[in-house]
Amino acid sequence: MKDLSRTKRIRYLLILVILITIPCYCLGLVILRVNQNKPEEITPTVTLTPTRTATITLTPYTTSTMTQSPTVTQTGTLPPTSTPTLTATVTATPTTTLTPTHTQTPTPTATLVPPTATNTVTVTPTLTEAP
């Protein structure tokens, strides 16, 4: 097999694989044929029905069973109440304070008004002596 080419070697290996798997295919076909001839079997359905049977068992020994059962204790609480608290507040109150102020009153002053020129004709008689 070492002297064969790579292609021939692959061909021989594939033919060998096909020949080896033929019995498996045949066995599968036989199993399918055998199952076809069997009639259908009725499959039972299991239905659970609970039953209670009371039995009395007398035991000469006392047995004690320790069980723990949780106990829930509810404690009542009062609704919240308001507690008044005194809070000091500072309020600024505006006050008016009179302060003496010195104000000067105007003093009368004399103002000179310049004379205005008016056109007036004044006739003054003059006496002349004649010689």
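Residues numbered from 1 in each chain as written. Predicted model: local features only at pLDDT ≥ 70, side-chain atom pairs only at ≥ 80, totals over all residues. Heavy atoms only, no water.

Novice: Would you take a moment to explain the overall build of the protein chain for this structure?
Specialist: On a plain count of helices and strands, the protein chain comes out with one helix and zero strands. For a compact globule of 131 residues, the expected C-alpha radius of gyration is about 14 Å, and the protein chain comes in at 71 Å, more than 25% above that figure. Dimensions of the protein chain, computed from the C-alpha atoms along their principal axes, are close to 200 × 90 × 40 Å. For the protein chain, the exposed area adds up to about 15,600 Å²; of that, 62% sits on carbon and sulfur atoms. Across the protein chain, the mean location of the 8 positive side-chain charges is 45 Å away from that of the 4 negative side-chain charges. (Helix = DSSP H or I, 4+ residues; strand = E, 2+ residues; numbered from the N terminus. Rg over C-alpha atoms; globule rule 2.2 N^0.38 Å. Areas by Shrake-Rupley, 256 points an atom, 1.4 Å probe, with all protein chains shown as cover. Lys, Arg positive; Asp, Glu negative; His and termini not counted. Charge placed at Lys NZ, Arg CZ, Asp CG, Glu CD.)

Novice: Even after reading the chapter, I still don't get the environment of Pro-106, so can you show me in this structure?
Specialist: With respect to the helices, strands and loops of the structure, Pro-106 is situated in the segment after α1 (6-37). The class of Pro-106 is exposed, set by a relative accessible area of 77%. Along the primary structure Pro-106 and Arg-52 are separated by 54 residues, whereas in three dimensions their C-alpha atoms are 127 Å apart. (Buried < 20%, exposed > 50% of the residue type's maximum accessible area, 1.4 Å probe, protein only.)

Novice: Explanation requested: a nonpolar patch on the surface in the structure shown.
Specialist: On the surface, Tyr-12, Ile-15, Ile-18, Leu-19 and Ile-22 cluster together into a nonpolar patch covering about 490 Å² of accessible area. When you line up the elements, Ile-22 lands in helix α1. (Patch = residues over 30% accessible without salt bridge, like charges linked within 9 Å, V, L, I, M, F, W, Y side chains within 5 Å. Salt bridge = Lys/Arg side-chain N within 4 Å of Asp/Glu carboxyl O.)

Novice: I keep staring at the state of the cysteines and nothing clicks. Help me out?
Specialist: Such a bond, covalent and formed between the sulfur atoms of two cysteines, is termed a disulfide. A full pass over the atoms with the stated rule returns zero disulfides. Take Cys-24: it sits in no disulfide, and the sulfur closest to it among the cysteines is that of Cys-26, at 9.2 Å. You can call Cys-24 exposed: its relative accessible area is 57%. (Disulfide = S-S within 2.5 Å.)

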